[in-house]
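Spelled out from the first residue to the last, the chains are:
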Amino acid sequence: MSHKAGFVNIIGNPNVGKSTLMNAFIGEKLSIITSKAQTTRHRILGIVNGDDFQVVLSDTPGIIKPAYELQESMMGFVKSAFEDADVLLYMVEIGEKELKDEAFFNKITDSKIPVLLLLNKIDKSDQGQLEEQVQTWAEKVPNAEIFPISALEGFNVKEVFTRILELLPESPPFYPKDQLTDKPERFFINETIREKILIHYKKEIPYAVEVDTEEFFEEENIIRVRSVIMVERETQKGIIIGHKGSALKRVGVEARKDLEKFFGKQIHIELYVKVNKNWRSNQNQLKRFGYN
């Protein structure tokens, strides 16, 4: 039996639904999803295996013009997504007109690999608007096949996956067939905690936060975790902790519930908050957190 395998990379503006689509393909919650922009900071691989195929999906940060070192690193992950893709998924949403960075947009229109343009959130449009948007994007990206989808509702997601399989080259698998992702357990603990911070805190707070899991002990029936939430200023530390620790406790409780579903066993989390001044602009700190 012939076997297909390849890298399928998802790119697009912030908050267009890239992580929702990735999770829909995988059937697991690998990428965090919130209504805030710039939720995804890393390039996250998710692997879908079948008897005769392996699809290595890649969720990337939303394309922005970088304002500081962390964002420069995030855009580095996006650039790398052009280099190893066998199929490129360019995701836009209803009402969107253009990519925020013209150089990236030119890379898409000049691409020599197959491009599937996914017009997402069509559940929020009517037929007239949908037809107008399909026409607009067909003119802007003539090298792409266009699929109207709703990643959240699952509309046309299977059809996109079927087309991906048709486009993949014949190849042996790149990863063991029982592997779901390239990231370690600690990464998903960090991301789950960060997701709760994105949901519950406003303004600059979520963007000034990084999470570092310092201890991870797995026993037969329980995983014991110690994680540190890094902020840039003392005032942010107080906001994260909240009155008598109430805000931090809420983050820990909600993260624990999600992680127990993900790992399939009991989780015990200890959360601490530390000030790590200007970590977003510090090359050494960014390297430590896996951004370089």
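## Observations regarding the packing of aromatic side chains
- With the rule as written, the count across this model stands at eight aromatic pairs.
- Ring geometry for Phe7 versus Phe174: centroids 4.9 Å apart, planes at 55°, classification tilted. Placement of the pair is Phe7 in strand β1 (residues 4–12) and Phe174 in the loop between α5 (157–167) and α6 (185–200), with a sequence separation of 167 residues.
- Between the aromatic rings of Phe262 and Phe263, the centroid separation amounts to 5.1 Å while the plane-to-plane angle is 85°, which identifies the pairing as edge-to-face.
- Counting every residue linked through ring pairs, the aromatic cluster contains Phe187, Phe188, Phe216, Phe262 and Phe263.

## With respect to the packing of helix α7 (residues 234–241) against helix α8 (residues 246–263)
- The interhelical angle for the contact between α7 and α8, taken along N-to-C directions, is 65°, at an axis separation of 5 Å. In contact with Ile239, Ile240 and Ile241 of α7, α8 contributes Ser246, Ala247 and Leu248.

## Regarding the sheet that holds strand β8 (residues 222–231)
- Sheet architecture is open: three strands sit in the order β7-β8-β9, paired in mixed fashion. The open sheet has two edge strands with one neighbour each: β7 (210–218) and β9 (266–275). The mean angle between the axes of side-by-side strands here comes to 20°, regardless of whether they run parallel or antiparallel.
- Across the sheet, α8 lies against β7, β8 and β9, angled at about 140° from β9, the strand it touches most.

Calculation criteria
Residues numbered from 1 in each chain as written. Predicted model: local features only at pLDDT ≥ 70, side-chain atom pairs only at ≥ 80, totals over all residues. Heavy atoms only, no water. Phe/Tyr/Trp six-rings, centres within 6.5 Å; stacked < 30°, edge-to-face > 60°. Helix = DSSP H or I, 4+ residues; strand = E, 2+ residues; numbered from the N terminus. Axes fitted to C-alpha atoms, helices over the stretch in contact; angles between N-to-C directions. Contact = heavy atoms within 4.5 Å. Pairing = 2+ DSSP bridges.

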